[in-house]
Amino acid sequence: MFCALSIASFALVSALPQEPEWHGTADAGLVLLSGNNSSSTATIRGEAKLEEGTYRWILGLLYSGVRQSEQSTGISSTTSRLLDLSAEHHRFFDDANDFYAYGKGSGRSDEPNGLSHRTDVGLGIGHTWRWDEGKTSLNFEGGPSMVRENNVGALSDSAWTSRLAARLDSPLSDKLTLTSKVEYFQSMSRAEDASATTECGLRWSLAGDWFLQFTSSLSWDGTPAPGFEQTDYRQSFTLGTSF
């Protein structure tokens, strides 16, 4: 499914006109520990947007993995590996490009934490509010989605869900920017079948287009895999650039 999403995203980008150019951000971080506890942690995040006339495309990528080495045996194993791919298409209804219809699809895998894969495809409407000459923006989206989920040790399950999402980008000073987003899925047939992801970051601008970012993320599953907790947390420090 992730390969299919990657191929589809590449095909969409190839089919789009070359002007105007894509713009967005990309950041990455790596932590290496050695001695009594040997491990490596890597995080890669990217988002690209293309907007022209009555449409907008948004592509997203997130990878975060932890590789742990056992000193007594020398054997290494992956204790955490998150992969998230997404693609969205927006069609605007007004001249200000604030009110729009969307179609989106995404895939998420975090197998060491109990999630083999979760994919969703959905439609809906969204609206963006802007302040401070467009520097601050608050966005809400909502609509139906088909979610297919496969937890570790459980059978794959598909369900129609209601999707709600929000995103806030706001400068706190000339150098510091707050970025946050949340996405929530609620099954239409079972109240306990719900999931959510949130991400909150502080971005510190450096010289040129470069920045440092601290990000705190949370993923919650109302019906986790057997033997796993409902909530997982992840924090990361990364170096990135805008393009």
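Attention here is on the structure that accompanies the text.

Conventions used here
- Numbers given for residues are sequential positions, taken from 1 along each chain in its written order.
- Only residues with pLDDT of 70 or above have their local features reported here, since the model is predicted, and side-chain atom pairs are shown and tallied only from 80 upward, although totals for entire chains, interfaces and linings are computed over all residues.
- Hydrogen atoms and water are omitted, and side-chain values are computed over all heavy atoms in the structure.
- Each aromatic pair joins two rings of Phe, Tyr and Trp (for Trp, the six-membered one) with centres within 6.5 Å, and gets the label stacked for planes under 30 degrees apart, edge-to-face for over 60, and tilted for any other angle.
- Exposure is judged per residue with a 1.4 Å probe applied to protein chains only, and the accessible area is read against the type maximum: over 50% gives exposed, under 20% gives buried, and values in between give partly exposed.
- Secondary structure elements are defined from DSSP: runs of H or I of at least 4 residues count as helices, runs of E of at least 2 residues count as strands, and each element is numbered from the N terminus.

Focus on the packing of aromatic side chains
- Evaluated as defined, the whole model comprises four aromatic pairs.
- Between Phe-92 and Tyr-100 the ring centres are 6.2 Å apart and the planes differ by 85°, which places this aromatic pair in the edge-to-face class. Here Phe-92 matches Tyr-100 in class, with each residue buried.
- Their ring planes at 75° and their centres at 6.0 Å tell us that Trp-129 and Phe-140 sit as a pair that is edge-to-face. Within this pair, whereas Trp-129 is found in strand E6 (residues 115-131), its partner Phe-140 is found in strand E7 (residues 136-151), the two being separated by eleven residues in sequence.

Things to note about unusual backbone geometry
- Its identity as a non-glycine residue notwithstanding, Asn-97 has a phi of 60°, on the positive side.
- Relative to the elements of secondary structure, Asn-97 occurs in the loop between strand E4 (76-92) and strand E5 (99-110).
- Judged by its relative accessible area of 16%, Asn-97 falls in the buried class.
- The backbone of Glu-133 shows a phi angle near 60°, a positive value even though the residue is not glycine.
- Take Glu-133: it is sitting in the loop between E6 and E7.
- Of the residues examined, Glu-133 reaches a relative accessible area of 79% and is grouped as exposed.

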